[in-house]
Structures are given as C-alpha cells and as structure tokens.
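# Summary of structural features
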Amino acid sequence: MYKILEKREIAMRNTWYKIHAPHVAKKVEPGQFVIVRAFKNGERIPLTPVMWNPQEGWVVLIVFTRGRTTMRMAFELREGDEILNIAGPLGNPAPMEKFGKILAIGAYTGIVEVFPIAKAWQELGNDVTTLNVTFEPMVVLKDELEKVVGRHMVEPVPIDPNLDFPANMKNVTKRLTEKVREMLEKEDFDLVFMVGPTGDQKAVFEVVKEFGLPMSVDLHPIMVDGTGMCGACRVTVGGEIKFACVDGPEFDAYQVNWDELIARSGYYTDLEMRAMQEYMK
Ligand code: FES
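Residues numbered from 1 in each chain as written. Predicted model: local features only at pLDDT ≥ 70, side-chain atom pairs only at ≥ 80, totals over all residues. Heavy atoms only, no water.

A few words on the overall build of the chain. A tally of helices and strands in the chain yields nine helices and 16 strands. Taken over C-alpha atoms, the radius of gyration comes to 18 Å for the chain, in line with the 19 Å a tight globule of 281 residues would show. Across its three principal directions, the C-alpha atoms of the chain cover 50 × 45 × 40 Å. The 281 residues of the chain split such that 49% are buried. With an accessible surface of roughly 13200 Å², the chain has 50% of that area assigned to carbon and sulfur atoms. (Helix = DSSP H or I, 4+ residues; strand = E, 2+ residues; numbered from the N terminus. Rg over C-alpha atoms; globule rule 2.2 N^0.38 Å. Buried < 20%, exposed > 50% of the residue type's maximum accessible area, 1.4 Å probe, protein only. Areas by Shrake-Rupley, 256 points an atom, 1.4 Å probe, with all protein chains shown as cover.)

As structure tokens, then:
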C-alpha cells in the first residue's frame with residue numbers, strides 16, 4: 001500500500017499527491033511513468049512522477065482531473081489514505097544527452113511531464129527553455145521550473161465563458177502555435193520537445209517542421225497494462241507498429257503517424273465523459 005503523505009489542489013483540476021512509494025523513488029528516471037490503481041476494481045491510469053526522493057522514499061504525482069477515476073481520487077482520497085497499487089517505473093527514460101539549446105513545451109498539464117526531463121537536461125549542461133501554454137487557472141509548477149531551467153515562459157489563456165470547451169481549447173492551440181512560431185523565428189534551437197494533447201502536438205510539429213528542426217514528443221495513447229501485453233497503446237512510428245509503453249513514450253515527431261494516433265485517441269472520449277457525469281450525479 002502507498003500512503004498519501006500530502007495532498008493539495010495546486011490549480012484548477014490539478015491535484016498534488018506526495019506518496020510513499022520507495023521502490024519507484026529508488027529507480028525512476030526522467031521520462032518514465034507509473035501505472036496507478038487507486039481503488040479496488042478501479043481502472044489503471046498512467047501518471048508521471050514529477051519529483052522524487054530515493055532516500056526518503058516518496059514521489060510526487062500531479063493528477064489532472066479528466067475522468068471518473070481522477071475525479072474519485074480528487075474527491076475521495078485524503079492525506080493518510082492509501083493507494084492500492086503503483087506499478088513501475090515503466091517506459092524508457094528520456095535520452096540524457098547534450099543537445100544544446102532546447103525548447104521544451106508543455107501544453108496544459110503536459111508541463112508536469114516536461115518538468116523532470118527539462119530539469120535533468122539543464123543539469124547536464126543544456127540550455128533549456130520551457131514553455132507552458134494552458135488555461136489561466138490551470139498554470140502549475142511555475143516557480144519550480146523557474147528555479148531549475150535556464151528560462152521558463154508561461155502563456156496563460158483566459159477561459160472565455162461565452163465559448164464552449166472545444167472553442168476555448170482552440171484558443172490554446174492558436175496561442176501555442178503562434179508562440180512557438182514567434183520563438184523559432186527569433187532564436188535558434190537545437191531540439192524541440194513537447195508533451196500535451198495529441199492534436200496540439202501535431203499542430204506544433206507542423207510549425208517546427210517548417211523550420212526543419214529536430215523534434216521529439218512524449219506520446220499518450222490509451223494505456224492499460226503498461227507492459228507491452230495489451231496492445232492498447234499501439235502507435236505507428238516510422239511505418240512500424242510500436243507500443244508507447246515499452247518502446248516509448250518518447251518518439252521522433254517526424255516518424256509518428258499523427259492522423260492515426262489522433263483518431264485512436266478519440267475512441268473513448270464520450271465514454272470517459274459519460275462515466276464522469278454518472279459519478280457526479
Ligand atoms: Fe498495453 Fe502498452 S499499455 S501494450
């Protein structure tokens with residue numbers, strides 16, 4: 001069992017959990033993830049350790065409330081409660097190399113996953129700029145990133161109450177692509193890295209491609225077991241079938257079959273929404 005040592009809401013729909021998980025804290029490397037099963041008979045959700053301490057045996061997970069399980073976690077779990085199980089660390093660590101000048105982008109809570117990688121790249125001697133584009137009340141890790149990377153930029157997008165959610169999300173995509181274009185026009189980067197919704201990753205990739213820069217992405221297809229057995233996280237990369245959980249999660253953006261991935265990612269959106277609404281009744 002994994003005791004919750006700290007729990008607090010750090011931004012709209014974003015909850016910080018500091019959890020006692022010594023086996024994860026001892027082994028995890030930037031870029032890896034864990035699969036959390038919070039409740040008996042509950043679903044398994046992939047989450048990324050943001051910070052960890054191997055001596056004290058804890059990890060921090062920042063969980064975005066987007067479905068029934070994450071909502072149950074936010075509403076039902078308290079400090080001192082225990083999480084049923086945490087499997088991992090899983091997936092491959094991010095490549096730790098001297099790339100030079102890096103632009104690491106987190107759309108929405110993608111910045112949570114960018115954090116440990118960007119920090120490690122900066123410590124290795126890279127010059128890392130992080131960029132977080134998200135809705136204004138959802139900004140997280142601003143102070144923390146300012147301390148660990150060369151430069152951290154936040155582009156908060158106000159939520160327009162007159163627009164529906166998809167229209168508001170389009171505003172984020174617009175700001176994201178405009179900002180990336182503006183930065184690439186002004187500065188020379190050696191690598192662009194991005195974590196965020198698949199549609200936004202593709203939109204940013206289209207901009208980066210125009211500048212001919214290398215780009216890598218952490219992909220988030222639907223995952224179940226996280227160990228290469230179920231096939232749920234299948235993606236086509238370089239014309240070959242890969243499993244994001246064991247072959248990734250990081251891939252070369254130029255090799256990803258984006259249209260297939262976007263189509264597959266939408267399979268369960270309605271079900272997820274319905275499950276969340278059922279829970280709220
Ligand atoms: Fe099952 Fe990757 S999550 S194969």
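What follows deals with the sheet that holds strand β11 (residues 151-157). Judged by pairing direction, the sheet is mixed, and its six strands sit side by side in the order β11-β10-β9-β12-β13-β16 without closing on themselves. Strands with a single pairing partner mark the edges of an open sheet, and in this sheet they are β11 and β16 (250-252). Adjacent strand axes in the sheet meet at a mean angle of 20°, parallel and antiparallel pairs treated alike. As judged from the five bridges shared by strand β9 (residues 101-107) and strand β12 (residues 191-195), these two strands associate in the parallel manner. Of the residues in β12, the one forming a bridge with Gly 106 is Val 195. Its contacts with the sheet put helix α5 (residues 165-186) on β9, β10 (127-135), β11 and β12, and the angle it makes with β10 is roughly 155°. (Pairing = 2+ DSSP bridges. Axes fitted to C-alpha atoms, helices over the stretch in contact; angles between N-to-C directions. Contact = heavy atoms within 4.5 Å.)

Aromatic ring pairs are reported here in terms of the distance separating the ring centres and the angle at which the planes meet. The final tally for this structure, using the stated rule, is six aromatic pairs. Pairing Tyr 108 with Phe 135 gives two aromatic rings, centres 5.6 Å apart and planes at 65°, and the pair type is edge-to-face. Taken as a pair, Tyr 108 in the loop between β9 and α3 (110-123) and Phe 135 in strand β10 lie far apart in primary sequence, 27 residues in all. Here Tyr 108 falls in the buried class, since its relative accessible area comes to 8%. The interplanar angle of 90° and the centroid separation of 4.9 Å between the aromatic rings of Phe 205 and Tyr 254 together place this pair among those described as edge-to-face. Linking Phe 205 in helix α6 (residues 198-211) with Tyr 254 in the loop between β16 and α8 (258-265), this pair joins segments that are 49 residues apart in sequence. Through pairs of rings, three or more aromatic residues link up here, namely Phe 99, Trp 121 and Phe 193. Across the ring face of Trp 58, the terminal group of Lys 18 is positioned such that the distance to the ring centre comes to 4.6 Å. (Phe/Tyr/Trp six-rings, centres within 6.5 Å; stacked < 30°, edge-to-face > 60°. Lys NZ or Arg CZ within 6 Å of the ring centre and 35° of its normal.)

Right, let's talk about the side chain of Thr 48 for a bit. If you trace the backbone, Thr 48 turns up in the loop between β4 (45-47) and β5 (49-53). With a relative accessible area of 14%, Thr 48 lands in the buried category. Setting aside anything within four residues of it in sequence, one finds Thr 48 in contact with Gln 32, Phe 33, Val 60, Leu 61 and Glu 113.

Across the interface, α5 lies against α6 with an axial gap of 10 Å and an inter-helix angle of 20°. Compared by their axis directions, α5 and α6 come out roughly parallel. The handedness of the crossing between α5 and α6 is right-handed. Together, Thr 173, Leu 176, Thr 177, Val 180, Arg 181, Leu 184 and Glu 185 of α5 and Asp 200, Ala 203, Val 204, Val 207, Val 208, Glu 210 and Phe 211 of α6 make up the contact between the two elements. Looking at the contact of α5 with α6, its residues break down into eight nonpolar, two polar and four charged. (Parallel < 35°, antiparallel > 145°, perpendicular 65-115°, else oblique. Left-handed = near helix turned anticlockwise from the far one by under 90°. Nonpolar A, V, L, I, M, F, W, Y, C, P; charged D, E, K, R; others polar.)

Taken by themselves, the reported measurements are silent on function.
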